[in-house]
Amino acid sequence: MSSEETPEEDSQGISSKRRHHRNRRVNAMEYWQKGIMDESPIKERWSREFKNPRLKHIVPPAEQDPNQKQADGLVVEVHRRTCEVRMDGEDLTSVTARYRATVIDELGEFPAVGDRVTLGRASDDAEYMLLKVHPRRSALTRPGPKDRINQQLTQAANVDQVVIVASVAQPPFNYGFADRFLLAAAFSNLPLIMVLNKMDLVDALPPEAEDFLSLVDRCIPISAESGEGVDELREILAHKVSVFSGQSGVGKSTLINRLVPSALLRTGDVRVKDGKGRHTTTSASLFDLPGGGMVIDTPGIRALGILDLEPIDLARCFPGFFPDGNFTCRFNDCTHQEEPGCAVLAALEEGRLPLARYDSYLRILSSGN
Ligand code: GDP
Ligand code: ZN
């Protein structure tokens, strides 16, 4: 039904039209039989009720319908009730769009940075509503209760690779954090690149970091401060969408500022006071790489530190336990603690598995998250 054909009418006109309608309603059967019945009485009745101040105020659908003007875009930031979207074909400015409860219900969670979405609004100066989240080609997610709505599970959408930024000193290499990231990337079927920052502070790779060399897809030692190794990283990031995460203090902001000069992220000891490029948000944010490709910066440890894996899933997919992907313990539900015929304990005893990896597994297993 459309209310666009609002007939101009004065008080005189209304009463004469009303009489006209009544006649037409009475004669409806006759009209229908003659085959000349159309929808116009219904349309006119709608506009009459809308114009009558004694009736409940009804906003005509055309004025409130956010489907009126639709456009697609890319989510660059996510908040509790809104998200920032860069519209296709627009420059780098983004618009704020409010979530529609039905869209969030349908998706089962909030949209994520990197999501392709359709926005709509009722008119050129009405606010944007999020109408649709397009299917994701990939996502960095953390396992969690899928039935819980409004709990953000997807950290970034439509990504090609995960980059974990770790430091080799100040703070020292964090084994558990690296493992949690490895798990998250494995769970999401995404390649993992490990960046070892602050190499200017050490003479050689710390031995703990070496345990990961065979587990990650690439390992790149760099110094975000001096710029050493950053070119190699640039090549790996070119024309791809990469999610960056890292424990606070490892130099992730320093690195992103070097890769994306316009990012202006606040670093450990520099405070940008002008408010222009300040990103104090707890949400992930998306940046364009100068040569093509994108970087999604996530608020690290909070986003992915929590893994909701069942012990048996952890036992099956812990990185490095079953290098060729086959679960070879005697018992299907083996958690590699004291079960007989455990392939992991055997590998540990024979020195094929570093003790640090096994310890890291036990820590994550017992932390229960
Ligand atoms: P974030 O919390 O991971 O974003 O870390 P920041 O980028 O804020 O850096 C934390 C501190 O580490 C700052 O004082 C940086 O100056 C310092 N830092 C960052 N990268 C390097 C590096 O490559 N070498 C050294 N020596 N210090 C660094
Ligand atoms: Zn086992």
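Each chain has its residues counted from 1, following the order in which its sequence is written. Key to labels: chains lettered from A, ligands numbered from 1, both in the order written. The model is predicted, so local features are restricted to residues of pLDDT at least 70 and side-chain atom pairs to those at 80 or more, both for listing and for counting; the totals for chains, interfaces and linings are taken over all residues.

**Observations concerning the overall build of the chain**
As a reminder, the rule being used: Here a strand is any run of E in DSSP of at least two residues, a helix any run of H or I of at least four, and the numbering for each starts at the N terminus. Our contact criterion uses C-beta atoms placed from the backbone: two residues qualify when those atoms are within 7 Å.
Helix and strand counts for the chain come out as 13 helices and 13 strands. Of the contacts formed within the chain by residues at least 6 apart in sequence, a portion of 64% connects residues at least 24 apart.

**A word on the environment of Ala 209**
Mapped onto the fold, Ala 209 is located in helix H7 (residues 207–210). Each C-alpha atom of the pair Ala 209 and Asn 174 lies 8.7 Å from the other, and the pair is 35 residues apart in sequence. When neighbours within four sequence positions are excluded, Ala 209 is seen to be in contact with Val 168, Phe 173 and Leu 196.

**Considerations on the pairing of strand S12 (residues 285–288)**
What counts is decided by this rule: Only strands joined by at least two bridges in the DSSP assignment are considered to pair.
Strand direction decides the pairing type here: S12 and strand S13 (residues 294–297), joined by 4 bridges, are antiparallel. Directly across from Leu 286, in S13, lies its bridge partner Ile 296. Here S12 folds back onto S13, and the loop between the two strands holds 5 residues, one of which, Gly 292, carries a positive phi near 105 degrees.

**Examining the pairing of strand S4 (residues 116–121)**
To keep it simple, the criterion reads: Using C-beta atoms placed from the backbone, we call a residue buried if 20 or more other C-beta atoms fall within 10 Å of its own, exposed if 12 or fewer do, and partly exposed for counts in between.
Only one face of S4 is covered, namely the one carrying Val 117, Leu 119 and Arg 121; the face carrying Arg 116, Thr 118 and Gly 120 has none of its residues buried. Bridge count for strand S1 (residues 69–78) against S4 is 6 bridges, and the pairing is antiparallel. When the bridges of S4 are listed, Gly 73 appears paired with Val 117. Remark: 6 residues form the turn of the hairpin made by S4 and strand S5 (residues 128–133), two consecutive strands paired antiparallel.

**Notes on the packing of helix H6 (residues 175–187) against helix H13 (residues 355–367)**
Counted only if it meets this: With axes taken as lines fitted to C-alpha atoms, and helix axes fitted only over the stretch in contact, angles between N-to-C directions fall between 0 and 180 degrees. In these notes the angle categories are as follows: under 35 degrees is roughly parallel, over 145 is roughly antiparallel, 65 to 115 is roughly perpendicular, and the rest is oblique. Classification convention: Asp, Glu, Lys, Arg as charged; Ala, Val, Leu, Ile, Met, Phe, Trp, Tyr, Cys, Pro as nonpolar; all other residues, Gly among them, as polar.
Orientation of H6 relative to H13, taken along the N-to-C sense of each, is 75 degrees, at an axis distance of 10 Å. By the angle class used here, H6 and H13 are roughly perpendicular. Touching Tyr 175, Gly 176, Asp 179 and Arg 180 of H6 are Ala 356, Ser 360, Arg 363 and Ile 364, all from H13. Its residues assigned to classes, the contact of H6 with H13 comprises 3 nonpolar, 2 polar and 3 charged.

**Brief notes about the nonpolar core**
Stated precisely, the cut-off is as follows: Defined on buried residues, the nonpolar core groups Ala, Val, Leu, Ile, Met, Phe, Trp, Tyr and Cys residues joined through C-beta atoms within 7 Å. Marked domain ranges trace back to an automatic or database domain assignment.
Counting residues in hydrophobic clusters, the biggest one holds 62 residues, and the most contacted among them are Ile 164, Leu 192, Val 195 and Ile 296. A per-element tally of this core places H6 first, with 7 residues. A domain-level breakdown of this core finds at least three residues from each of domain 2 (69–135) and domain 3 (156–304). Leave out the neighbours within four places in its chain, and Val 195 touches Val 163, Ile 164, Val 165, Ala 166, Ile 220, Ile 222 and Leu 233. With 10 residues, the next largest nonpolar core counts Ala 315, Phe 321, Cys 329 and Leu 353 among its residues.

**Some thoughts on H6**
For the record, the criterion: A helix is expected to span 1.5 Å for every residue after the first.
With 13 residues, H6 extends 18 Å from end C-alpha to end C-alpha; this agrees with the ideal 18 Å at 1.5 Å per step. Among all positions of H6, only Phe 177, Ala 178, Asp 179, Arg 180, Phe 181, Leu 182, Leu 183, Ala 184 and Ala 185 are buried. Among the residues trailing H6, Asn 189 stands out with phi positive, at a value near 60 degrees.

**Side note on the environment of Leu 264**
Note on placement: Leu 264 falls in the loop between helix H9 (252–259) and S12. Along the backbone, Leu 264 and Thr 254 are 10 residues apart, and their C-alpha atoms lie at a distance of 9.2 Å.

**Quick notes on unusual backbone geometry**
One can expect most non-glycine residues to show negative phi and most peptide bonds to be in trans. Here Gln 170 and Pro 171 are connected by a cis peptide whose omega angle stands at 0 degrees. Relative to the helices and strands, Pro 171 is located in the loop between strand S8 (161–167) and H6. One non-glycine residue, Asn 189, lies in positive phi territory at about 60 degrees. Structurally, Asn 189 can be placed in the loop between H6 and strand S9 (192–197).

**Observations regarding the confidence of the model for the chain**
We apply this condition: You can read pLDDT as the predictor saying how much it trusts each residue, on a scale of 0 to 100.
Averaged over every residue, the pLDDT of the chain is 79; residues scoring 70 or more account for 71%. Note on residues 36–41: pLDDT under 50 across the span, and 7 contacts to partners over four residues away in sequence or across chains. In the predicted structure, residues 269–281 sits below a pLDDT of 50 and forms 11 contacts with residues beyond four places in sequence or in another chain.

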